[in-house]
Amino acid sequence: MEKVLFKEEQRYKKPPILYIMTAAVVVLVIDITFLIRHILYDSLVPPKYPYEATSLIIVTVLLVLFTAGFLYIFTRMKLITRVNDNGLQVFYPPLLKKGRTIAKEEIEGFEIRQYNPIREYGGWGIKPRARLLRRKKTGVSYTAYGRTGVQLWLRNGRKILIGTQRPEPFRYALVRMLEAEEINPGNRRQNLKFQTNG
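Residues numbered from 1 in each chain as written. Predicted model: local features only at pLDDT ≥ 70, side-chain atom pairs only at ≥ 80, totals over all residues. Heavy atoms only, no water.

## Structural notes on the overall build of the protein chain
Basically, it comes down to this: Per the convention used, a helix needs a DSSP run of H or I reaching at least four residues, while a strand needs a run of E reaching at least two, with both numbered from the N terminus. Exposure categories follow from relative accessible area, calculated using a 1.4 Å probe and restricted to protein chains: below 20% of the type maximum is buried, above 50% is exposed, and the middle band is partly exposed. A contact between two residues is defined here by any heavy atoms of the two lying within 4.5 Å.
In terms of regular secondary structure, the protein chain is built from four helices and nine strands. Secondary structure elements of the protein chain, listed N to C terminal, follow the sequence β-α-α-β-β-β-β-α-β-β-β-β-α. Here the protein chain, with 198 residues, has 37% of them falling under the buried criterion. A fraction of 56% describes how many contacts in the protein chain between residues 6 or more apart in sequence connect residues 24 or more apart.

Encoded structure:
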């Protein structure tokens, strides 16, 4: 049975714009509801185009469903990181339910570092490498909030950043898993990467 060396759950912090957007949608739905009521019941003259009310009802329902789905994702979203004897796993439900597994044999080195979420990755969340967004050099990131993360260098040349609020326990778990010390990022070009036993 695999021994869990480290586990961390981070909730995605809700940005203020989320609440502003929700309030705006609520106001819009109320306005549309009153408009539909006016077209169907309050007007002295029967509606010239009855399908107008139907269209407004459909738009309102779609808007409510979209907002509800958006809010559901944001309230349920969290970053789960788990380190065991054989590697580490990253989950990001409900977007990444199956998660991503990185075997310890794939890891060439790592370091704890500070990162700039906006400048380096375009924000928090799951950020895949994209040439169009100029993130080829920074690689993939899995973050929820904050500015501290574990930078992994894989043997295939790729880089992965995993955000954490518990950097020291995370580092200790990786050291135990790999049975090697953290690389010295300043001397990385001198090939001071640790070697795993895999």
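So, next bit.
## Some details on the side chain of Glu8
Threshold: None of His or the chain ends enter the tally, which takes Lys and Arg as positive and Asp and Glu as negative. For this document, the term salt bridge refers to a Lys or Arg side-chain nitrogen within 4 Å of an Asp or Glu carboxyl oxygen. Identification of polar contacts relies on pairs of N or O atoms within 3.5 Å, with a donor-acceptor requirement for protein atoms, meaning one able to donate a hydrogen and the other able to accept it, and with residues adjacent in sequence counted only if both atoms are side-chain atoms.
Mapped onto the fold, Glu8 is located in strand β1 (residues 4-11). Among buried Asp, Glu, Lys and Arg side chains, Glu8 stands out as unpaired, with Arg166 the closest opposite charge at 5.4 Å. A polar atom in the side chain of Glu8 sits 2.6 Å from the side chain of Thr164. Among the polar contacts listed, one links the side chain of Glu8 to the backbone nitrogen of Gln165, at a separation of 2.8 Å. Those residues in contact with Glu8 that sit more than four places away from it in its chain are Leu79, Ile80, Thr81, Gly163, Thr164, Gln165 and Arg166.

## Brief notes about the sheet that holds strand β8 (residues 148-154)
To be explicit about the condition: Strand pairing is assigned whenever DSSP identifies at least 2 bridges connecting the two strands. Axes, fitted as lines to C-alpha atoms, cover a helix only where it is in contact. Angles between the N-to-C directions of the axes lie from 0 to 180 degrees.
Across the sheet, which stays open at both edges, the five strands sit in the order β5-β8-β9-β7-β6 with mixed pairing between neighbours. Because the sheet does not close on itself, it has two edges, and the strands there are β5 (107-114) and β6 (125-127). Across the sheet, the mean angle separating the axes of adjacent strands is 15° when strand polarity is ignored. Sheet topology places β6 next to strand β7 (residues 140-143); three bridges connect them, and they run antiparallel. The residue of β7 that forms the bridge with Lys127 is Ser141. Here helix α4 (residues 167-178) sits on the sheet in contact with β5, β8 and β9 (159-163), set at roughly 170° to β5.

## As for the nonpolar core
Selection rule: Among the buried residues, those of types Ala, Val, Leu, Ile, Met, Phe, Trp, Tyr and Cys that are joined through side-chain atoms within 4.5 Å form a nonpolar core.
Val83, Leu88, Leu152 and Leu174 are the most contacted members of the largest nonpolar core, which totals 27 residues. Looking at this core, the elements with two or more residues in it are β1, β2 (78-84), β3 (87-92), β5, β7, β8, β9 and α4. Excluding its chain neighbours within four sequence positions, the residues that come into contact with Leu88 are Arg82, Val83, Arg100, Thr101, Ile102, Ile107, Leu152, Ile162, Leu174 and Met177.

## Some remarks on the packing of aromatic side chains
Threshold: Classification of ring pairs uses Phe, Tyr and Trp, with its six-membered ring standing for Trp, and accepts pairs whose centres are within 6.5 Å; under 30 degrees between planes counts as stacked, over 60 as edge-to-face, and the remaining range as tilted.
Within the structure shown, the criterion is met by two aromatic pairs. A centroid spacing of 4.8 Å and a plane angle of 15° characterise the contact between Phe6 and Phe170, whose relative ring orientation is stacked. Taken as a pair, Phe6 in strand β1 and Phe170 in helix α4 lie far apart in primary sequence, 164 residues in all. Classification of Phe170 as buried rests on a relative accessible area of 0%. Consider the rings of Tyr115 and Tyr121, whose centres lie 6.2 Å apart with planes at 75°: the pair is edge-to-face. On the accessibility criterion, Tyr115 (3% relative accessible area) is buried. For Tyr121, a relative accessible area of 1% gives the class buried.

Purely spatial values, then, with no claim about function.
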